[in-house]
Each structure stands twice: as C-alpha cells, then as structure tokens.
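Results of the structural survey
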Amino acid sequence: MSTTAPAQTATRSYALRDSMTMLRRNLTHMRRYPSMTVSIVVMPLVMLLLFVYVFGGAIGSGIAGGGGRGDYIDYVVPGIIVMAATSGAVATAVSVCTDMTEGIVQRFRTMSISRGSILTGHVVGSVIQVAVVLVLVSAVSLLIGFRPSASPVEWVAALGLLLFLAFGMAWISAAMGMGAKTVEAASNGPLPLTFLPFLGSAVVTPDSMPTALRWFAEYQPFTPINETVRGLLLGTEIGSDGWLALAWCTALALVGYLWSRAAFRRGTAR
C-alpha cells in the first residue's frame, strides 16, 4: 500500500499547525504593540468624517443627484469602506520587513517548521486586522447617517469581496516587505496601492474628471470593486463590475503569493 497519501496528509497537517502558530505570534504582536493597529483604524475614520462633514456639502451638490451631504454620504461610504480594506497593507509590509531585518526569519529557517507558514501567519493576521477595521468603519458610518438597503446576503457578499481584497493586498504587501531594505522603505511601498481608490469612483464619479483621468479611473482595479460594493450595499446596478472585481482581487492575490514565495525561496530578503 502506498504511503504517499498519508505523508501528504501529515505534511498538510504540520503546515496548518505551523501557520496557526505564526498567526498567534502575529496577533500577539498586534496586541502588545497597538500603535500600527490604531493607525490603520484611525485613517479610514478620519477620511470618512472628512468627506462627509468637511467636503460632503460641496461635493454632494454635484453628485448623487445634487442632494447635498445627505445623498453624498450614501455614495461615499462604500468607497471609504473599500479604502479601509486596503488599510492593513502598510502594517503588513512593515511587519514582514521587521522580521526580515531583525533576523528572526533566518532563525525560523533553521527550525523544523513549514516555510510557508511564516508568510501565511502575516497574511491571515492582516486579514483579521482589516476585518476589525471594516466593522468599526461600518458601525460609525451607520451612526452618522449611512442608510444601506442591503439584505443580509448582500452584506455577506460585500464583506467577502472586501476580505478577498484585503487578502490580495496582504500578499502584495508581504512581497514588498521582503524586498525592502529598511522598515521605512517597506512602509512606503504599498502606499500607491492604498491611494488608488481615490483615483477611481470612491469619492466622486469618473464622469466629473478630466478626460485622461476619467479614462484611468474607469479602467483601474478599484473602480469595479468600488461599484460592486456600492451596488451590493445600496441596491444599484452592478453589471459586469462584480466579475471584474473578483478578477482583480484574484490577480492581486495570485501575483502577491507567487512574488512573495519566490522572494522567500531565493533568499533575496535578509
């Protein structure tokens, strides 16, 4: 009788066990050093309050049927929630780079643990962190007047897409963290991705933009994600945006996974 199947099962079991150990390690770090967690919670909330109470009246008069701040809050909140889903990217890159530069990964490599578990712990920890941020931002949005029409199934679908986005961003950020020579460089790497939603349909409609910027906004990854989340929460038309959003999230996750694993195997990071 072949022993290949039992051996593969045991390998998967060890990989899962080691990944859970690394996840607990990263969650413990988040709890003991909460400054980074606080920063990724505060930024989406600041953006939410800024666009609702500071810019909401002016922007809202030219968007959402000209209904002012009351209508604009329903338009902008889904975009802010998408931004919140990208908020863990910098923390992930910094965390991975810190492990690399402090030598702990070199120590892990000498131990009998699954190599993939090191990255998996960072990625899953980031997704959990982002899930907490999404709950907080959504709660504050409801408190200040956001009125979605989503059913429980649509809420679950929107949350699933947002966590899928966070998962893809975490893998991309992990790869950037491994390629960075310093923590400062690691913190700057994911920033362009986290600001891409601003250049999409998150806070204004692409129709209001100049021609070149409108073209970029319509065809960049975050616009279909924005529109899908907005459609799920508000009951507006989604069309092909749902499939495009899933395709972009899948591409982010796949590219990030392959990039980070290749960098880890090559040992290009310290």
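Anyway, here's the lowdown on the structure attached to this text. (Residues numbered from 1 in each chain as written. Predicted model: local features only at pLDDT ≥ 70, side-chain atom pairs only at ≥ 80, totals over all residues. Heavy atoms only, no water.)

Remarks on the environment of Leu254
Along the chain, the position of Leu254 falls in helix H13 (residues 241–266). Sequence spacing of Leu254 and Ile172 is 82 residues, and the spatial spacing of their C-alpha atoms is 8.9 Å. (Helix = DSSP H or I, 4+ residues; strand = E, 2+ residues; numbered from the N terminus.)

Things to note about a nonpolar patch on the surface
A cluster of nonpolar side chains, namely Leu199, Leu213, Trp215, Phe216 and Tyr219, defines an oily patch on the protein surface of about 510 Å² accessible area. Looking at the element boundaries, Tyr219 is found in helix H11 (residues 211–219). Note on Tyr219: relative accessible area 55%, which makes it exposed. (Patch = residues over 30% accessible without salt bridge, like charges linked within 9 Å, V, L, I, M, F, W, Y side chains within 5 Å. Areas by Shrake-Rupley, 256 points an atom, 1.4 Å probe, with all protein chains shown as cover. Salt bridge = Lys/Arg side-chain N within 4 Å of Asp/Glu carboxyl O. Buried < 20%, exposed > 50% of the residue type's maximum accessible area, 1.4 Å probe, protein only.)

Things to note about the packing of aromatic side chains
Tallied over the entire structure, the rule returns six aromatic pairs. Residues Phe167 and Trp171 carry aromatic rings whose centres are separated by 6.3 Å and whose planes lie at 90 degrees to one another, so their mutual orientation is edge-to-face. On the criterion of helical spacing, the pair formed by Phe167 and Trp171 is a turn pair, its members being four residues apart in helix H8 (residues 152–179). Exposure remark for Trp171: the relative accessible area of 5% places this residue in the buried category. (Phe/Tyr/Trp six-rings, centres within 6.5 Å; stacked < 30°, edge-to-face > 60°.)

A look at the environment of Thr21
Tracing the sequence through the fold places Thr21 in helix H1 (residues 4–32). When the C-alpha positions of Thr21 and Gly121 are compared, they lie 7.7 Å apart, and in sequence the two are 100 residues distant.

Digging into the nonpolar core
Counting 45 residues, the largest nonpolar core has Val76, Ile80, Leu165 and Ile225 as its most contacted members. Breaking this core down by element, the ones donating at least two residues are helix H2 (35–54), helix H4 (69–85), helix H5 (89–102), helix H7 (115–143), H8, helix H12 (222–234) and H13. Element by element, the count of residues in this core is highest for H4, at 11 residues. Those residues in contact with Ile80 that sit more than four places away from it in its chain are Pro44, Met47, Leu48, Phe51 and Val137. In terms of nonpolar packing, the next biggest core, distinct from the first, is built from 12 residues, Val96, Ile118, Val123 and Met178 among them. (Core = buried A, V, L, I, M, F, W, Y, C linked by side-chain atoms within 4.5 Å. Contact = heavy atoms within 4.5 Å.)

A few points about the packing of H5 against H8
Their axes nearest at 7 Å, the elements H5 and H8 cross at an angle of 35 degrees. By crossing handedness, the relation of H5 to H8 is classed as right-handed. The segment H5 lies against H8, with Ala89, Thr92, Ala93, Val96, Cys97 and Met100 engaging Met169, Ala170, Ser173, Ala174, Gly177 and Met178. Considered class by class, the residues forming the contact of H5 with H8 number nine nonpolar, three polar and no charged. (Axes fitted to C-alpha atoms, helices over the stretch in contact; angles between N-to-C directions. Left-handed = near helix turned anticlockwise from the far one by under 90°. Nonpolar A, V, L, I, M, F, W, Y, C, P; charged D, E, K, R; others polar.)

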